[in-house]
Amino acid sequence: AIPVLFILVSLWRISSDLLNETILSIKNSQRLIKIAYSGVVESVIYGVALMIGLFNYQGNYPYFFICVIFFFLGLIIAVIASLLAYIFRLAGQLKNENDLTI
């Protein structure tokens, strides 16, 4: 629950920057990178839970199904957040470059 809570808090901070019209910034890119790392941590946690469940809960198929769903969900969050972080970083650099021109 800790990585998911961190992801939600980071998304809240990014959405609060939307009100200030500073959504395309380097700071938000760094927040998205942290969200990607949290997604990877979540996937690792559920991967370990799958390995433990493989040995302890051999006939519990709903447990495996839920762990596999959350494992891939963490990977999807990590990939999408890293892609958005790259896009936000490029957009922030372009915005800073355009602010310096007359």
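Please refer to the structure higher up on the page.
Residues numbered from 1 in each chain as written. Predicted model: local features only at pLDDT ≥ 70, side-chain atom pairs only at ≥ 80, totals over all residues. Heavy atoms only, no water.

Visitor: Report on the overall build of the protein chain, specifying residues and quantitative values.
Guide: Of the regular secondary structure elements, the protein chain holds three helices and zero strands. Reading the helices (α) and strands (β) of the protein chain from amino to carboxyl end gives α-α-α. In summary, the protein chain has a C-alpha radius of gyration of 18 Å against a globular reference of 13 Å for 102 residues, an excess of more than 25%. Residues counted as buried form 27% of the 102 residues belonging to the protein chain. A separation of at least 24 residues holds for 70% of the contacts in the protein chain among residues at least 6 apart in sequence. Element-wise, carbon and sulfur atoms account for 74% of the exposed surface of the protein chain, whose accessible area totals about 7,300 Å². For the protein chain, the centre of its 6 positive side-chain charges and the centre of its 5 negative side-chain charges are spaced 7 Å apart. (Helix = DSSP H or I, 4+ residues; strand = E, 2+ residues; numbered from the N terminus. Rg over C-alpha atoms; globule rule 2.2 N^0.38 Å. Buried < 20%, exposed > 50% of the residue type's maximum accessible area, 1.4 Å probe, protein only. Contact = heavy atoms within 4.5 Å. Areas by Shrake-Rupley, 256 points an atom, 1.4 Å probe, with all protein chains shown as cover. Lys, Arg positive; Asp, Glu negative; His and termini not counted. Charge placed at Lys NZ, Arg CZ, Asp CG, Glu CD.)

Visitor: Please provide a residue-by-residue account of helix 3 (residues 61-100), values included.
Guide: For helix 3, built from 40 residues, the straight-helix expectation of 58 Å at 1.5 Å per residue is met to within 8% by its first-to-last C-alpha distance of 58 Å. Within the span of helix 3, buried status applies to Phe64, Cys67, Gly74, Ala78, Ala81, Ala85, Phe88 and Gly92. Where the residues of helix 3 are buried, they touch helix 2 (26-56). (Expected span 1.5 Å × (residues − 1).)

Visitor: Tell me about helix 1 (residues 2-19), and name the residues and values.
Guide: With 18 residues, helix 1 ought to run about 26 Å at 1.5 Å a step, and its terminal C-alpha atoms sit 27 Å apart, in line with that. Among the residues of helix 1, Pro3, Ile7, Ser10, Ile14 and Asp17 are the ones counted as buried. Viewed end-on, helix 1 has its buried residues packed into an arc of 80 degrees, placing them on one side of the element. Residues of helix 1 that are exposed and point more than 90 degrees away from the buried face comprise Ile2, Leu5, Leu8, Trp12 and Leu19. Elements that come into contact with the buried residues of helix 1 comprise helix 2 and helix 3. (Arc of directions from axis to C-beta.)

Visitor: Please set out the environment of Leu18 residue by residue, giving values where relevant.
Guide: Position of Leu18 among the secondary structure elements: in helix 1. Leu18 sits 15 residues away from Ile33 along the chain, and the two C-alpha atoms are 18 Å apart.

Visitor: Which residues make up the pattern of salt bridges, and what values go with them?
Guide: Scanning the entire structure with this criterion turns up one salt bridge. Arg31 is the partner of Asp17 in a salt bridge, and the nearest nitrogen-oxygen pair spans 2.9 Å. With Asp17 in helix 1 and Arg31 in helix 2, this pair connects stretches of sequence that are 14 residues apart. (Salt bridge = Lys/Arg side-chain N within 4 Å of Asp/Glu carboxyl O.)

Visitor: Can you break down the packing of aromatic side chains residue by residue, with the values?
Guide: Within the structure shown, the criterion is met by three aromatic pairs. Considering the side-chain rings of Tyr63 and Phe64, the 5.8 Å spacing of their centres and the 70 degrees angle between planes classify their relative orientation as edge-to-face. Assessed through its relative accessible area of 16%, Phe64 is described here as buried. (Phe/Tyr/Trp six-rings, centres within 6.5 Å; stacked < 30°, edge-to-face > 60°.)

Visitor: Could you give me a rundown of the nonpolar core, with the residues and numbers involved?
Guide: Where a protein is soluble and globular, its nonpolar side chains tend to be buried together. Counting residues in each nonpolar core, the largest one holds eight residues, listed as Ile7, Ile14, Leu32, Ile35, Ala36, Ala81, Ala85 and Phe88. Contributions of two or more residues to this core are made by helix 1, helix 2 and helix 3. Discounting residues that sit within four places of it in the chain, Ala36 has contacts with Ala78, Ala81 and Ser82. (Core = buried A, V, L, I, M, F, W, Y, C linked by side-chain atoms within 4.5 Å.)

The quantities given are spatial measurements derived from coordinates; they are silent on function.
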